[in-house]
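# Per-entry structural report
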Amino acid sequence: MKKYITLSLVSCLVGLTFISCNKSKQNNKGALSSNAAEKVYVAPGEYDEYYGFFSGGFSGQLSVYGLPSGRLFKVIPVFSQDPEKGYGYSEETKPMLMTSHGFIPWDDSHHPDISQTNGELDGRWIFINGNNTPRIARIDLEDFSTAEIIEIPNSAGNHSSSFVTENTEYVVAGTRFSVPIPQRDIPIKEYKGNFKGSLSFIKVDQQSGEMDLAFQIQMPGFNYDLSHPGRGKSHGWFFFTTYNTEEAHSLLEVNASQNDKDFIAAVNWKKAEEYIKAGKGKKMPAKYAHNKFDNATHMATHTMKEEVLILDASEFPDLVYLLPTPKSPHGCDVDPSGEYIIGNGKLSANLTVHSFTKMLDAIEKKKFDGEAYGLPILKFEDVLAGVVEQPGLGPLHTEFDGKGNAYTTFFISSEVVKWKLGTWEIIDRKPTFYSVGHLMIPGGNSRKPDGKYLVAMNKITKDRYLPVGPDLNHSAQLYDISGDKMELLLDFPTIGEPHYAAAIKADKIKDKARQIYKLDENKHPYAAKSPAETKVTRNGKEVHIYMTMIRSHFTPDNIEGIKVGDKVYFHVTNLEQDFDVPHGISMLGANTAELLVTPGKTETFVWEPKQVGVWPFYCTDFCSALHQEMQGYVRVSPADSTLPLSWSLDDE
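Everything numeric in this text was worked out from a predicted model, so none of it was measured. (Residues numbered from 1 in each chain as written. Predicted model: local features only at pLDDT ≥ 70, side-chain atom pairs only at ≥ 80, totals over all residues. Heavy atoms only, no water.)

### Notes on the nonpolar core
Ranked by size, the top nonpolar core spans 29 residues in total, and within it Phe201, Ile217, Met219 and Val320 carry the most contacts. Leaving out residues up to four positions away in the same chain, Val320 has contacts with Ile217, Met219, Ala265, Ala266, Val267, Ala313, Leu375 and Pro376. (Core = buried A, V, L, I, M, F, W, Y, C linked by side-chain atoms within 4.5 Å. Buried < 20%, exposed > 50% of the residue type's maximum accessible area, 1.4 Å probe, protein only. Contact = heavy atoms within 4.5 Å.)

This is how it looks when you write it as structure tokens:
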């Protein structure tokens, strides 16, 4: 009977979603009837105030928008092949997508987080998780490109990731699905007690940004949904929401909603460091990939790691504590002071706020209410700071404006609710259109949020844009939160699912953004740094073309002596040393994407001609008035031809 009561509740909430959508649509005219357009207008040639980095969700990428204008600047390829830029198609970038499961050309990117120093965004790197095949990527904000990807072993559904500690000591990742650790062939019905969770702490080198999986904490077989670092007074702790503390393995919408309270797991990572330093960690065999891109050689390397260091939380009773939190909590957020830990129970009528100070006191006085797999459970009342009473339906995520206010999204009632930290009173609420997931305030995930704008990221956009078939792009909505009341300013459609976002003041990045790669620093082994260095070589059936590109020709542009059955490597160097002058190249019949080669860089694609003939190649990026003239030919002869290799430009 209990299951059916829960199922009925869920059905009611789903029904309310649509009621809310209709109601919200009736109200949206008022929100847009002000001078909203003036507040988001950025004149041609002028810069936006913020960079906004939006995850691409199921596109696997990271998009860069300007705020407040909502202008799209770039899509950074991360976990998925990108034919626009040749990422994941070129020989140099294919290794970035290697995993222990082989070449995986797609993932589901969710949570970007910008590096921090002393709890403030520093704009050096941005990290993002791949959800499906667990990975963490580091994007270098000098050239806005993916510099590194590390696979996370003993994890599945890498959802409570990737969030950084306040000096970027670690990027932290948590598994959504518990799995057998190590993986083995066992009946799924034996889930309880045999499946485990894992929380991963990835060390970040403070100079280079390079990542290394320092250790993992093995946890009970719950689902770990989201996480947040402590800051200020709670720096040294990390907080993870859990659901499915019932340890169900089927029909989770019912069977994982039985407990009145699940937990926020409070992890003392400073204590974990002490245990690791004392040699308490156990090495476990685990295969995972670590891929890096080198900006000197313009090439990625792929390495397989063989083991990981594990701390079993059940063996260290002062490492992890469980804070009871109603009910199936999703978002886990810590306010800028580090005192308040907000757990948003998806099926709860209220918002629960825990106190870090009370948590420490309860730990010191051992005010425990039992244990779970050896982890102490703290008494709910002893750690409770306050409750926001009946703020909305389906609470998901909370961010802060640095002025003592918190903002929480409600998926089912499709709204953002502003409330006061400390008094827990509701101050304002505004509809979203529709079914909002995450929200983002620039710097909201730091000690110093910039409480000027708020962006809501919405799952449903029907009625908002011109229809383009049965499915529509997701959207982001920008709100002005500088006053007492929120004001909706702008809608803009997004690439993929804007699952979460991070934003930073533009002046922390724009002046250090790279404009070119210096040609004299190019260490690619197949680079041709001038037309004089171009050539074509053969080693059996393998042919290497050392080619250059500059406005408006390739060198060489006529190549003969290629034979059916050859494997032809085009190594193409862009000789331009001007900002924003890339060139592209594509070859008729090549089983790959074009390459978009930025100034000073060398990239490679492979062509395996199947037919005799004379086949053209051309520049794919409109680069000059003579762009159409930027082309060439390759003559392909029969496999038994004795025609020697030759190459030329203007017959010389």
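Text resumes after the structure shown.
### Details of the pattern of salt bridges
Applying the stated criterion to the full structure yields 36 salt bridges. Asp107 is paired through a salt bridge with Arg135; the nearest N and O atoms lie 2.8 Å apart. Taken together, the residues span a long stretch of sequence, with Asp107 in the loop between strand S5 (102-103) and strand S6 (113-117) and Arg135 in strand S8 (residues 135-140) at a distance of 28 residues. Relative accessible area serves as the criterion here: at 0%, Asp107 is assigned to the buried category. A salt bridge links Glu307 to Lys283, with the nearest nitrogen and oxygen atoms 3.7 Å apart. One end of the pair, Glu307, is in strand S19 (residues 299-312); the other, Lys283, is in strand S18 (residues 282-294), and 24 residues separate them in sequence. (Salt bridge = Lys/Arg side-chain N within 4 Å of Asp/Glu carboxyl O. Helix = DSSP H or I, 4+ residues; strand = E, 2+ residues; numbered from the N terminus.)

### Topic: the side chain of Lys196
Looking at the secondary structure, you find Lys196 in strand S13 (residues 195-204). Buried Lys196, no salt bridge; nearest opposite-charge side chain is Asp312, N-O distance 6.3 Å. Setting aside chain neighbours within four positions, we find Lys196 in contact with Ser178, Val179, Ile181, Gln218, Met219, Pro220 and Gly221. (Lys, Arg positive; Asp, Glu negative; His and termini not counted.)

### Brief notes about the pairing of strand S40 (residues 567-574)
One face of the sheet, then the other: side chains in a regular strand alternate in exactly this way. Most of S40 sits out of view: 7 of its 8 residues are buried. Pairing of strand S37 (residues 542-550) with S40, which is carried by 8 bridges, proceeds in the parallel orientation. Residue Met549 lies in a different strand from S40, and its bridge partner there is Asn574. Here 6 bridges tie S40 to strand S43 (residues 602-607), and the two strands are oriented antiparallel to one another. Paired with Tyr569 across the bridge in S43 is Val606. (Pairing = 2+ DSSP bridges.)

### Some remarks on the sheet that holds strand S22 (residues 340-345)
Here 4 strands make up an open sheet; going across it, the order is S21-S22-S23-S26 and the pairing antiparallel. The two strands at the open ends of the sheet, each matched to only one other strand, are strand S21 (329-334) and strand S26 (384-388). Taken pair by pair, the neighbouring strands of this sheet meet at an average axis angle of 20°, ignoring direction. Across the sheet, helix H5 (residues 356-364) touches S22, strand S23 (351-355) and S26, and the angle it forms with S23 is around 60°. (Axes fitted to C-alpha atoms, helices over the stretch in contact; angles between N-to-C directions.)

### Here's the deal with the confidence of the model for the protein
Averaged over all residues, the pLDDT of the protein equals 94, while 95% of them reach at least 70. Confidence drops under pLDDT 50 across residues 1-32; counting only partners more than four residues distant or on other chains, this segment forms 37 contacts. (pLDDT = per-residue confidence, 0-100.)

### Concerning the pairing of strand S28 (residues 405-410)
Extensive coverage of S28 is indicated by the burial of 6 of its 6 residues. Burial of S28 is two-sided: the residues Asn405, Tyr407 and Thr409 facing one way and the residues Ala406, Thr408 and Phe410 facing the other way are all buried. Sheet analysis places strand S27 (residues 395-400) next to S28, joined by 4 bridges and oriented antiparallel. Residue Thr398 lies in a different strand from S28, and its bridge partner there is Thr408. In terms of strand pairing, S28 meets strand S29 (residues 415-420) through 6 bridges, oriented antiparallel. Bridge pairing in S29 places Tyr407 opposite Lys418. Between S28 and the antiparallel strand that follows it, S29, lie 4 residues; Ser414 among them carries a positive phi value of about 50°.

### Some remarks on unusual backbone geometry
Geometrically, the link from Leu67 to Pro68 is a cis peptide bond, its omega value of 20° lying close to zero. Counting through the fold element by element, Pro68 comes out in the loop between strand S2 (62-67) and strand S3 (72-76). Cis geometry marks the peptide bond from Arg551 to Ser552, where omega comes out at 0°. In this structure, Ser552 sits in the loop between S37 and strand S38 (553-555). For Asn244, which is not glycine, the phi torsion reads 55° and is therefore positive. Note that Asn244 resides in the loop between strand S16 (237-243) and helix H3 (252-255). With a relative accessible area of 0%, Asn244 lands in the buried category.

### Thoughts on the packing of aromatic side chains
Using the criterion set out here, one finds 30 aromatic pairs in the structure. An angle of 35° between the planes, with centres 6.1 Å apart, marks the rings of Phe222 and Phe263 as tilted. Here Phe222, found in the loop between strand S14 (211-219) and strand S15 (223-229), pairs with Phe263, found in strand S17 (residues 262-268); they are 41 residues apart in sequence, far enough to count as distant. Taking the relative accessible area as the measure of exposure, Phe222 reaches 3% and is therefore buried. Ring centres of Tyr275 and Phe316 lie 4.4 Å apart, and the angle between their planes is 40°; this geometry places the pair in the tilted category. Placement of Tyr275 in helix H4 (residues 269-277) and of Phe316 in the loop between S19 and strand S20 (320-325) is noted, with a sequence separation of 41 residues between them. (Phe/Tyr/Trp six-rings, centres within 6.5 Å; stacked < 30°, edge-to-face > 60°.)

### What about the sheet that holds S2?
Across the sheet, which stays open at both edges, the 4 strands sit in the order S3-S2-S1-S35 with antiparallel pairing between neighbours. With partners counted over all chains shown, the strands left at the sheet margins are S3 and strand S35 (501-505), one partner each. Mean inter-strand twist for the sheet, computed between neighbouring axes without regard to direction, equals 20°. Bridge count for strand S1 (residues 50-55) against S35 is 5 bridges, and the pairing is antiparallel. Across the sheet, the residue bridging to Tyr50 is Lys505, located in S35.

### A short note on H4
Within the sequence span of H4, burial applies to Trp269, Ala272 and Tyr275. All buried residues of H4 project into a common sector of 105° when viewed along the axis, lining one side. On its buried face, H4 is in contact with strand S11 (170-174), S13, S14, S16, S17 and S19. Regarding H4, its N-cap is Asn268, as a side-chain oxygen of that residue lies 3.3 Å from the backbone nitrogen of Lys270 further along. (Arc of directions from axis to C-beta. Polar contact = N/O pair within 3.5 Å; in protein donor to acceptor, adjacent residues only side chain to side chain.)

### Structural notes on the environment of Thr165
Counting through the fold element by element, Thr165 comes out in the loop between strand S10 (163-164) and S11. Taking the C-alpha atoms as reference points, Thr165 and Val42, 123 residues apart in sequence, are found 34 Å from one another. Once residues within four sequence positions are removed from consideration, Thr165 is found in contact with Gln116, Tyr170, Pro229, Phe238 and Trp269. At 2.6 Å, the side chain of Thr165 and the side chain of Glu169 are in polar contact.

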